[in-house]
Amino acid sequence: MKAEYINPFLESAKTVIEQMVMIRPSTGQLTVKEVKFVEKYVWIQIGMTGQVSGDIVFGLSEEVALKIISAMMGGFVITEIDEMGSSAIAELGNMISGNASTLLSNQGVHVDITPPVLMRSAEAAGFKAQKALTVPLIMEGIGELDIQVLIA
């Protein structure tokens with residue numbers, strides 16, 4: 001697991017969040033931790049294939065997801081994650097991953113990404129706890145978005 005694989009995702013996430021949510025996130029501490037799916041969280045899973053294979057998983061609390069969706073919808077207050085909200089938050093993960101795959105390509109690492117899979121329940125996700133390179137993005141007034149890189 002190489003730390004350099006997470007940097008394009010961090011750079012991309014900062015840019016996309018700044019454009020879509022109008023907040024420049026700061027970066028928390030990079031760690032290796034066991035990814036444990038918890039309830040009342042939204043998980044966006046993007047697969048990677050090519051020179052690097054594995055998954056990128058974005059994790060955020062439902063409260064943070066609602067704030068991001070509201071910002072993406074022009075400030076309209078969202079109180080529940082419906083089909084449109086789910087689509088919006090999945091697209092955020094897709095845009096971050098798409099831009100990151102371009103950054104990786106520019107570094108000579110060619111990858112393809114899969115469409116985002118949005119998971120709202122730890123059990124339904126069927127995801128086993130495993131170690132991942134993790135870094136939180138801290139958005140003032142909104143909360144945290146965890147970026148977790150699971151490279152095979």
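A short tour of the structure in this document, coming up.

Reading the values: rules and limits
- Residues numbered from 1 in each chain as written.
- Predicted model: local features only at pLDDT ≥ 70, side-chain atom pairs only at ≥ 80, totals over all residues.
- Heavy atoms only, no water.
- Helix = DSSP H or I, 4+ residues; strand = E, 2+ residues; numbered from the N terminus.
- Rg over C-alpha atoms; globule rule 2.2 N^0.38 Å.
- Buried < 20%, exposed > 50% of the residue type's maximum accessible area, 1.4 Å probe, protein only.
- Contact = heavy atoms within 4.5 Å.
- Areas by Shrake-Rupley, 256 points an atom, 1.4 Å probe, with all protein chains shown as cover.
- Lys, Arg positive; Asp, Glu negative; His and termini not counted.
- Charge placed at Lys NZ, Arg CZ, Asp CG, Glu CD.
- Core = buried A, V, L, I, M, F, W, Y, C linked by side-chain atoms within 4.5 Å.
- Expected span 1.5 Å × (residues − 1).
- Polar contact = N/O pair within 3.5 Å; in protein donor to acceptor, adjacent residues only side chain to side chain.
- Salt bridge = Lys/Arg side-chain N within 4 Å of Asp/Glu carboxyl O.
- Pairing = 2+ DSSP bridges.

### Some thoughts on the overall build of the protein
Looking only at helices and strands, the protein has 4 helices and 8 strands in total. Secondary structure elements of the protein occur, N-terminal to C-terminal, as α-β-β-β-β-α-α-β-β-α-β-β. The C-alpha radius of gyration computed for the protein amounts to 14 Å, which stays within 12% of the reference 15 Å derived for 152 residues, consistent with globular compactness. Summarising its shape, the C-alpha atoms of the protein cover approximately 40 × 35 × 30 Å along the three principal directions. Relative to its 152 residues, the protein shows a buried fraction of 47%. In the protein, the proportion of contacts linking residues at least 24 apart, taken out of those at least 6 apart, comes to 69%. Carbon and sulfur atoms form 51% of the exposed surface of the protein, whose accessible area is close to 7600 Å². Distance between charge centres in the protein, computed from 10 positive and 17 negative side chains, equals 7 Å.

### Some remarks on the nonpolar core
Ranked by internal contacts, the top residues of the largest apolar core, which has 41 residues, are Phe9, Phe58, Leu60, Ile68, Ile89, Leu145 and Ile147. Counting only elements with at least two residues in this core, the list comes to helix H1 (7-21), strand E3 (41-50), strand E4 (54-61), helix H2 (62-72), helix H3 (83-106), strand E7 (130-139) and strand E8 (143-151). One finds Val35, Phe37, Trp43 and Val57 within the second-largest nonpolar core, a separate group that totals 7 residues.

### Considering H3
The end-to-end C-alpha distance of H3 is 35 Å, a good match for the 34 Å that 24 residues give at a rise of 1.5 Å each. Within H3, the full set of buried residues consists of Gly85, Ser86, Ala88, Ile89, Ala90, Leu92, Gly93, Ile96, Ser97, Ala100, Ser101 and Leu104. Where H3 begins, one side-chain oxygen reaches toward the backbone nitrogen of Met84, 3.2 Å away; that side chain belongs to Asp82. Once H3 finishes, Gly108 follows within two positions and takes phi at roughly 90 degrees, a positive value.

### Points about the pattern of salt bridges
Tallied over the full model, the rule gives 3 salt bridges. The shortest N-O distance in the salt bridge between Arg24 and Glu18 comes to 3.1 Å. When the shortest N-O distance is used, the salt bridge between Arg120 and Glu62 registers 3.5 Å. You can see Arg120 sitting in the loop between strand E6 (117-119) and helix H4 (122-125) and its partner Glu62 sitting in helix H2, a full 58 residues away along the chain.

### Some points on the environment of Gly141
Its place among the elements puts Gly141 in the loop between E7 and E8. For the pair formed by Gly141 and Val52, sequence separation is 89 residues and the distance between their alpha carbons is 35 Å.

### Overview of the pairing of E7
Counting buried positions over the 10 residues of E7 gives 7, a clear majority of the element. The pairing of strand E1 (residues 26-27) with E7 spans 2 bridges and is antiparallel. Considered in E7, the bridge of Ser26 is made with Ile138. Two strands pair when backbone bridges link them, and strand E2 (residues 31-35) and E7 are joined in this way by 5 bridges, in the antiparallel orientation. Among the inter-strand pairings, Val35 is bridged to a residue of E7, identified as Gln130.

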